[in-house]
Amino acid sequence: MNRWKRREFLTGTAAACGALLTSGLTFAQLPKERAARMVCVIMRGALDGLAAVAPVGDPDYAPLRRELALRPAGSPQGGLPLDRLFVLHPALGFLHDCFTARELLVFHAVASPYRERSHFDGQDVLESGAIHPHALQTGWLNRALACLQEPGTAPRELGLALGQNVPLVMRGAAPVTSWSPSRLAMLDEETLQRISDLYAADPVLAARLADAVAMGDVAAMGDVGAMGDVAAAGDGMSHSTLAAPHPKADRYDAIVRAAAGFLRREAGPNVAVFDTSGWDTHANEGDAQGQLAARLGALDSGLRTLKEALGPVWSDTAVLLATEFGRTAAINGTRGTDHGTGTAAFLLGGAVRGGRVLADWPGLANGSLYQGRDLAPTTDLRCVLKGVLTEHLRVSSAALERSVFPDSRAAKPLRDLIRT
Amino acid sequence: MPERFTAVIAANRFGLGARPGELQSIGAGAREWLRAQLSGRAPELADAQLRSSAATLARALQLRRELQDLKRETASGADPAASAKAVAALQKVAQVYRPVYLAEVTARLRQAVSTEQPFLERLTYFWSNHFAVSVDKNLVLGLAGSLEREAIRPNVLGQFVDMLLTVEQHPAMLLYLDNHVSSGPHSAFARSAARRNGRRPGINENLAREILELHTLGVGGGYTQADVTTFAEVLTGWSISGGASARIFRPDPGKFMFRPGLHEPGTKLVLGKHYPDRGLEQGVGVLRDLAASPATAHFIATKLARHFIADEPPAGAVARIAAEFLRTQGNLLAVYRVLIDSPEAWTRPLSKFKSPNDYVVSTFRGLQLPVAAGHAALAPFELLGQRTYSPGSPAGWPDRSDDWDGASALLKRVEWADAVGQRVAGRCDATILAPQLLGEVLTSMTRTAIGHAASAAQALTLLLASPEFMRR
């Protein structure tokens, strides 16, 4: 029996697996825009933007937040200074370092076009890029990647989902794949080949398997394979909630190291996406310390690790943090916050023209709140997303309007987000 | 022609995957086989290890009370070792919960592997996921299994409204969606708190919103933010007996309890109807009306059709199921019968991609794998990305192929299949099993691949990795 090598397996099914390893293109040969890396972090559960980026300079903030109000910079357990109006949550030390280094942009009072308060419809709009829930079955990031394919060349897998499955934002016609750490033994080549043969009549499974094997190959050969005890880290993620009251500070380490490993590879993916959860802070949200602080701290620590692991590639990278909507301006009766509207978003990385808070601040006075309860949205989140895609990934304006964000003409891309 | 697939569809899409011999015993009577499973009472999960939610929660509440005392001592500085003791006490809660969780997972898998009523078991899973709680919220870890046993199983063949009322009063749901501490801004509790320390306790919208959005009307079901807020006020006082503070620690802790002191007084307007304040009955009244709403019937019918027919549920089947739901005021037995009689369900085999849970359970059933107790029963679900009772959100696990057929997910399945194949090769013969498990959907390609496999283990791997076995 002919013992297949992984690489031969790949070339043998090149049509299905795309040209991840067989492509002749490398980053060295790519035009500058192709060197741009992007990481998209979906914060599921509705991040409390007024806690992550607290408007301590707004006189209505402290009365609304009462015992959960963050204190101004300089006071004990105070926030980290941004400008005269805003402080960062004290758990976001790395983000503040980025801000000081002019590598972090903070957006506030932003919201997608969605104006109801369902997590699941809100996430659908956030990820699909449509105006209404369930209007599109593909994600804006995938449609953006589709615009980046060189015409006439084999489609290259530009997108990677860190996780077993691909979230909506990355689903669509452009070839993408998913990767997650495994605790199982690898299949031997021969069994793998037979399974691949068995999928010859099933194009979906054939393509998925080829993708997965290709990613596993990359992981085994490169930085990702050497990223330490992936298995143990993955295990830790699944068990972290069993014993600990708060997420472990290193809960995202395995995933961000893997992301960095893939993004650093020549001809690897340009864009990675991963999910975070636990932002739905209805009760006992905490202030400078507590549940939300622990979650923010874990994410902050993960992003610090991402920067370290990306090494020199950090300077080509923009990391976007976005959530489906915000939370009520006032705290509720159980020391938490309920579903709201306007919230904060973040863009950080060496490619970002940072050091600024971009917010058309509506204020928190009673008459200024959306429906009398939420931070009023003054910036369409799509303006941020379109700005990043235009300036960083160099998606053409025509493609942005036509396919990436249909019906978004009124949401003009924000400018000067990315260093030139 | 389509009739030749009925046995396979009954066993795989309505059931949990064929056990050896099951397709044969179904034969030409697929619909009768399903209907027969619905007669009598739904079986309980039998396992000496399982305990009631009240027993588990009472123990956890007691530990939390000890923890509070230790925290107070830490703060006062009276006992220098109190801080270390507090950490230890916190770990004890996990030590109570984790074995309970593992016992639930083990018993559930054992039931799935051995049951002669797999349709009933699948329906249980369906409702358990409809009324989802997630164990990544610590407080729910020891209670998620008991929610299924105490609120879903006893009502799976009953009226929808009874299941709804039982679920919304179950401690797991009240804790998961924070309602146990939600209190009316004008309640006795809030007034005394304001006098005592200036605090302003109030409502938490979480449970009210998810009941409307996820349990009954569905997201387009016609409710407004005002309905959510008022319904949350209606539900204030829906709480749990016992508590962390000694003052309200009652002798019978860990059960549903209506606390009048937390309840927002007054008549309330929800979805255009006034509900006079009769304490607990106010919330019961709203739930009864929600259960009877046409929007609820349509929402439930759509989910059932998506689960049992196809990712994009056929409109005709949805309409018929919804009509029967309305006509019978949510008689679930009648609803299931319409589902079984839907011609759309029987035409296309393999229209659904198995979730990891389905994949693991069908493998255990097909190969008659023994279920070891403890973490071993949980491990495959964890590895394949669907840790039992941990959907991560109150919407439950998703139910479309796109949500489960990612590249990495598929590779994990195949790797796990390979590990299983190697473990059981000595006592399972894939060439015999393949037609027994896959019947009419077994392709000549898969049959040939299994026949030509290099080893008995590889033959099993190919069977489990085949496209026919990946779908239902």
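Residues numbered from 1 in each chain as written. Chains lettered and ligands numbered in written order. Predicted model: local features only at pLDDT ≥ 70, side-chain atom pairs only at ≥ 80, totals over all residues.

Chemist: Help me understand the overall build of chain A in this model?
Modeler: In terms of regular secondary structure, chain A is built from 15 helices and twelve strands. Within the span of chain A, comprising 420 residues, buried residues form 60% of the whole. Pairs at least 24 apart in sequence give 72% of the contacts found in chain A among residues at least 6 apart. (Helix = DSSP H or I, 4+ residues; strand = E, 2+ residues; numbered from the N terminus. Buried ≥ 20, exposed ≤ 12 C-beta atoms within 10 Å, placed from the backbone. Contact = placed C-beta atoms within 7 Å.)

Chemist: What should I look at first to understand unusual backbone geometry in this one?
Modeler: In this model, Q371 of chain A sits at a positive phi of 55°, which is unusual for a non-glycine residue. The residue Q371 of chain A is located in the loop between β11 (356-358) and β12 (379-380) in this model. Since 13 C-beta atoms lie within 10 Å of it, Q371 of chain A is described here as partly exposed. The phi angle at L350 of chain B is positive, at roughly 60°, despite the residue not being glycine. By the element assignment, L350 of chain B lies in the loop between α16 (332-340) and α17 (356-367). C-beta crowding within 10 Å serves as the criterion here: with 19 such atoms nearby, L350 of chain B is assigned to the partly exposed category.

Chemist: Would you take a moment to explain the pairing of strand β5 (residues 104-111) of chain A for this structure?
Modeler: Each regular strand displays side chains that alternate between the two surfaces of the sheet. Residues and elements named next belong to chain A. A large share of β5 lies buried, amounting to eight of its eight residues. For β5 and strand β10 (residues 343-348), the ladder comprises five bridges, and the chain directions are antiparallel. Of the residues in β10, the one forming a bridge with V106 is F346. As defined by bridge partners, β5 adjoins β11 across three bridges and the pair is classed as parallel. Following the sheet pairing, L105 is matched in β11 by R356. Here β5 runs beside β12; their pairing, made up of two bridges, is parallel. Among the inter-strand pairings, V110 is bridged to a residue of β12, identified as T379. (Pairing = 2+ DSSP bridges.)

Chemist: Looking at this structure, how should I read the interface of chain B and chain A?
Modeler: Accessible area lost upon the coming together of the parts serves often as the stated size of an interface. Between chain B and chain A, the contact holds 56 residues from the first and 53 residues from the second. Mapped onto the side of chain B that touches chain A, the elements with two or more residues apiece are α5 (82-114), α11 (206-215), α18 (375-383), α19 (407-424), α21 (444-451), α22 (456-465) and α23 (467-470) of chain B. The dominant element in the side of chain B that touches chain A, judged by the number of residues it contributes, is α19 of chain B, at eleven residues. Considered class by class, the residues forming the side of chain B that touches chain A number 25 nonpolar, 17 polar and 14 charged. (Nonpolar A, V, L, I, M, F, W, Y, C, P; charged D, E, K, R; others polar.)

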